[in-house]
Structure formats: structure tokens, C-alpha cells
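# Descriptive structure summary
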Amino acid sequence: MTLDRPLLSAGWSSSNKRPEDAFLTTFMETLRRDGRRLCNALVSELDALGPARRSWNPSSQPVVARLDACLAKGPQETAYLRGAIAAMKPYLSWQRAPGNPAVNNGKTDFHYRHAFCTLVGEDARVPTTRLRVGLLLIDAHCFYPLHAHAADEIYLPLSGTATMQIGPTPPKVRDPGKCLLIPGNTPHAIWTGDHMVLLAWAWLGDIRGPFLYHS
Ligand SMILES: [Fe+2]
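Now for a quick tour of the structure. Remember, it's a predicted structure, so these values are computed and weren't measured experimentally.

Looking only at helices and strands, the chain has six helices and eleven strands in total. For the chain, the C-alpha radius of gyration of 16 Å lies close to 17 Å, the compact-globule estimate for 215 residues. If you line up the chain on its principal axes, its C-alpha atoms span 45 × 35 × 35 Å. Counting over 215 residues, the chain shows a buried share of 35%. The long-range share in the chain, meaning contacts at least 24 apart out of those at least 6 apart in sequence, stands at 72%.

One key point about sheets: their strands pair by backbone hydrogen bonds, in either a parallel or an antiparallel sense. Taken in spatial order, the five strands of this open sheet run S7-S6-S9-S4-S11, and their pairing is antiparallel. Edge positions in the open sheet fall to strand S7 (172-174) and strand S11 (211-213), since each of these has one partner strand only. The average angle at which neighbouring strand axes cross in this sheet is 30 degrees, direction not considered. By the bridge criterion, five bridges tie strand S6 (residues 162-166) to strand S9 (residues 188-192) in an arrangement that is antiparallel. Within the sheet, the bridge partner assigned to Thr163 lies in S9 and is Trp191.

A word on the sheet that holds strand S2 (residues 126-127). Sheet architecture is open: six strands sit in the order S2-S1-S3-S10-S5-S8, paired in mixed fashion. For this open sheet the edge positions go to S2 and strand S8 (180-182), each flanked by a neighbour on one side alone. One ladder, built from eight bridges, connects strand S3 (residues 131-138) with strand S10 (residues 197-204); its direction is antiparallel. Bridge pairing in S10 links Gly134 to Trp201.

Three- or four-residue spacings in an α-helix give side chains the same orientation, since the helix completes a turn every 3.6 residues. Where burial is concerned, most of helix H5 (residues 79-88) is hidden: seven out of the ten residues are buried. Considered for burial, the residues of H5 that qualify are Ala79, Tyr80, Leu81, Arg82, Gly83, Ala84 and Ile85.

On to the environment of Leu158, then. Note that Leu158 resides in strand S5 (residues 152-159). In sequence terms Leu158 and Val173 are 15 residues apart; their C-alpha atoms lie 14 Å from each other. Contact partners of Leu158, with chain neighbours within four places excluded, come to Gly74, Thr78, Leu81, Arg82, Pro176, Leu198, Leu199 and Ala200.

The interhelical angle for the contact between helix H2 (residues 19-34) and H5, taken along N-to-C directions, is 160 degrees, at an axis separation of 8 Å. Relative to H5, the element H2 is oriented roughly antiparallel. In the crossing of H2 with H5, the sense of the turn from one axis to the other is left-handed. Touching Pro19, Glu20, Ala22, Phe23, Thr26 and Phe27 of H2 are Tyr80, Leu81, Ala84, Ile85, Ala87 and Met88, all from H5. Along the lines of polarity and charge, the residues of the contact of H2 with H5 split into ten nonpolar, one polar and one charged.

Successive residues of a regular strand alternate their side chains across the two faces of the sheet. Burial of S5 is extensive: eight of the eight residues sit out of reach of the surface. By the bridge criterion, seven bridges tie S5 to S10 in an arrangement that is antiparallel. Counterpart to Leu156 in the pairing with S10 is Ala200. Examined bridge by bridge, S5 and S8 share three bridges and lie antiparallel to one another. When the sheet's bridge partners are listed, Ile154 is paired in S8 with Leu181.

Turning our eyes to something else, we now look at the environment of Gln165. In this fold, Gln165 is placed in strand S6. Spatially, the C-alpha atoms of Gln165 and Thr186 are 10.0 Å apart, while their sequence positions differ by 21 residues. Not counting chain neighbours up to four residues away, the residues in contact with Gln165 comprise Leu146, Pro171, His188 and Ala189.

Calculation notes
- Within each chain, residues carry numbers counting from 1 in the order of the written sequence.
- Reporting in this predicted model follows two pLDDT cut-offs: at least 70 for local features of residues, and 80 or more for side-chain atom pairs to be given and counted; totals over whole chains, interfaces and linings ignore these cut-offs and use all residues.
- Counting from the N terminus, the helices are the DSSP runs of H or I reaching at least four residues and the strands are the DSSP runs of E reaching at least two.
- The globule rule used here is 2.2 Å times the number of residues to the 0.38 power, and the radius of gyration it is set against is calculated over C-alpha atoms.
- Between the buried cut of 20 or more and the exposed cut of 12 or fewer other C-beta atoms within 10 Å of a residue's own C-beta lies the partly exposed class, and all C-beta atoms are placed from the backbone.
- Contacts are defined on C-beta atoms placed from the backbone: any two residues whose C-beta positions lie within 7 Å are in contact.
- When DSSP finds two or more bridges between a pair of strands, those strands are recorded as paired.
- To define axes, lines are fitted to C-alpha atoms, for helices over the stretch in contact only, and angles between the resulting N-to-C directions are given on a 0 to 180 degree scale.
- Orientation is classified from the angle alone, with under 35 degrees giving roughly parallel, over 145 giving roughly antiparallel, 65 to 115 giving roughly perpendicular, and any other angle giving oblique.
- Left-handed is the label given to a crossing in which the near helix is rotated counterclockwise from the far helix by less than a right angle, and right-handed is the label when the rotation is clockwise.
- Under the convention adopted here, Pro, Cys and the residues Ala, Val, Leu, Ile, Met, Phe, Trp and Tyr are nonpolar, Asp, Glu, Lys and Arg are charged, and Gly plus all remaining residues are polar.

Below you can see the structure in the form of C-alpha cells.
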């Protein structure tokens, strides 16, 4: 079902003073409802975060110009999360990761047509050395090539339908609103279709371990 009411409706937005708290609280509710082991582990980590906050350090990237379209569209299950992101929008620090260094020295189509930000992490708004949580925005008709990293990862697609390969099984279409679990060192890839895709992501476990593209 597509969202048909204002993103910033009453509820969390009136009771949470910091917009990242609204996002994290709602993310934790989604993880609790999922109930799988990795989701519960992330809830425990998020529960243990302290009250310290760094200053926001806003920065943008070309694809972020179309973030509003992603925030306006998605299933009801992700409406509060999209609203919380709308409230954080002026403050987010969007970056781009290098593409596969084996292809055109990392200057790949993916490199130019995605953006990510980190809300929880070593240098992020919510400081911790134990995990990373953020957002990933990938343009329409784009390919995030097969890669793997030592950290366990959880993706929560919020808007747009992506096709994702996780491990050796064939790629599958993934609708927004359901957590996708990627154990550490499992190769995974994302293809987008006619629409941009917005995902929440979290890394936990060996977050400083290697990240490798699979060519
Ligand atoms: Fe990943």
C-alpha cells in the first residue's frame, strides 16, 4: 500500500526531540517484530547506545536530489521510518563509496549513482565503535556489484523494489518493509529497476574487517 498521509504525522515526531531517535526507535520496532537472531542482536546493540551525540555535518550527493520521491512512496510498514528520514534530511551527511577498484579504477556507474550516510558509528551522529547504521540510496537502473565484508549486515528496504542476490541462491525481487539478513563474508549484490531504492542498513560484528568486490 502506498503512503497516502503526511510523512510527519503526529506520534513519534511530537514526542522525540532528536530526529535520529525517532528513526532508531522505529527501526528497533521493525527489528523486534522480525525477531530473527541477527535482528535481536542489533536491537541489543541499539538499546545499549548512550545519549552522546556529535554535531550534524550535512553534505549531499547528486542522487540525493531525488530523495523526496523515495520518501513519498513505499508501503505503510515503512511510513514512520520514511517520515523520520524526512525530518533528518537537512542534516544528513551523504557520501559515495568507491566502485570496484578493478573496474575503471573504482569510477563505476554505481560509484556515481548512489549515496550513503552513517547515523550510528565511529564518526557518526550517534557515536559507537561497535556497529554502524545508516541509509543507502541507489538510482534507478543501477547495479551495486557483488561484494562481501566481514561484518554481518541487515538491510531494510524502505522504498522501491530491488532485486538482490544473497549468497549462492539466484537473485530475488525484494519488496520494501522486510529485513534482509546477510551473514558476514556472504557475497551480495543489488539491482534496481525503474525507481530509485532507499534502504536502511546496519553492520555489526566484525565491522572493521575487509570489504571486497567480487569481479
Ligand atoms: Fe553489504
